[in-house]
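Report on the structure
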Amino acid sequence: MTNSSFGLGFGQLRVQDLPRYLSGDPKAQLIDVREPEEVAIAWIPGFEVLPLSEFAQWSTQIHQKFEPEIETLVLCHHGVRSAQMCNWLVSQGFTQVKNISGGIAAYALVVDSSIPQY
């Protein structure tokens, strides 16, 4: 697992390390920023879906939904939108934010081939 932030204010998590978090140990908050139509094709149980296109609807409630001091992992298709979300979370005071490198596409290739590619 890489904890380096590369100067971005958040770390990276390899998809190979995600199953530990999915089992609940260690405890983490899981956020998927993909669109509902993407989630309908492929999803990983345990993630709260907060589509970036609906930012205005959920952004003001981020501190009610999630705790800033708990490790927060963010997922998208390839890792670009999740990196945007990671930057925003850091700007909101979240201290343990990690982008899931390669997104659900990499997870499906490397970890769980039962997840459809799109």
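Here, the structure is the one placed above.
Residues numbered from 1 in each chain as written. Predicted model: local features only at pLDDT ≥ 70, side-chain atom pairs only at ≥ 80, totals over all residues. Heavy atoms only, no water.

**Brief notes about the sheet that holds strand β5 (residues 97–100)**
Short version of the rule: Should DSSP find at least two bridges between two strands, the strands are regarded as paired. Only DSSP runs of H or I covering at least 4 residues are called helices, and only runs of E covering at least 2 are called strands; the numbering of each starts at the N terminus. The contact criterion used throughout is that any non-hydrogen atoms of two residues lie within 4.5 Å. Lines fitted to the C-alpha atoms define the axes, with helices restricted to the stretch that makes contact. Angles between their N-to-C directions range from 0 to 180 degrees.
With respect to topology, five strands assemble into an open sheet ordered β1-β5-β4-β2-β3, the strand pairing being parallel. Each edge of the open sheet is held by one strand with a lone partner, namely β1 (11–13) and β3 (48–49). Examined bridge by bridge, β1 and β5 share three bridges and lie parallel to one another. The partner of leucine 13 across the bridge, within β5, is isoleucine 100. Helix-sheet contacts for helix α5 (residues 80–91) involve β2 (29–32), β4 (72–75) and β5, and the interaxial angle to β5 is about 175°.

**Comments concerning the packing of aromatic side chains**
Pairs of aromatic rings are described using the distance from one ring centre to the other and the angle between the two planes. Put simply, the test is: Two aromatic rings, drawn from Phe, Tyr or Trp (for Trp, its six-membered ring), form a pair once their centres lie within 6.5 Å of each other, and the interplanar angle then sorts them: stacked below 30 degrees, edge-to-face above 60, tilted otherwise. Any residue under 20% of the maximum accessible area for its type is buried, any over 50% is exposed, and the rest in between are partly exposed; the area is computed with a 1.4 Å probe on protein chains only.
Under the counting rule described, the total for this entry stands at three aromatic pairs. Here phenylalanine 55 and tryptophan 88 contribute two aromatic rings whose centre-to-centre distance is 5.0 Å and whose plane-to-plane angle is 80°, an arrangement assigned as edge-to-face. Taken together, the positions of phenylalanine 55 in helix α3 (residues 55–58) and tryptophan 88 in helix α5 put the pair 33 residues apart, joining distant regions of the chain. Judged by relative accessible area, phenylalanine 55 falls into the partly exposed class, the value being 32%. Pairwise contacts between aromatic rings join Phe55, Trp58 and Trp88 into one cluster.

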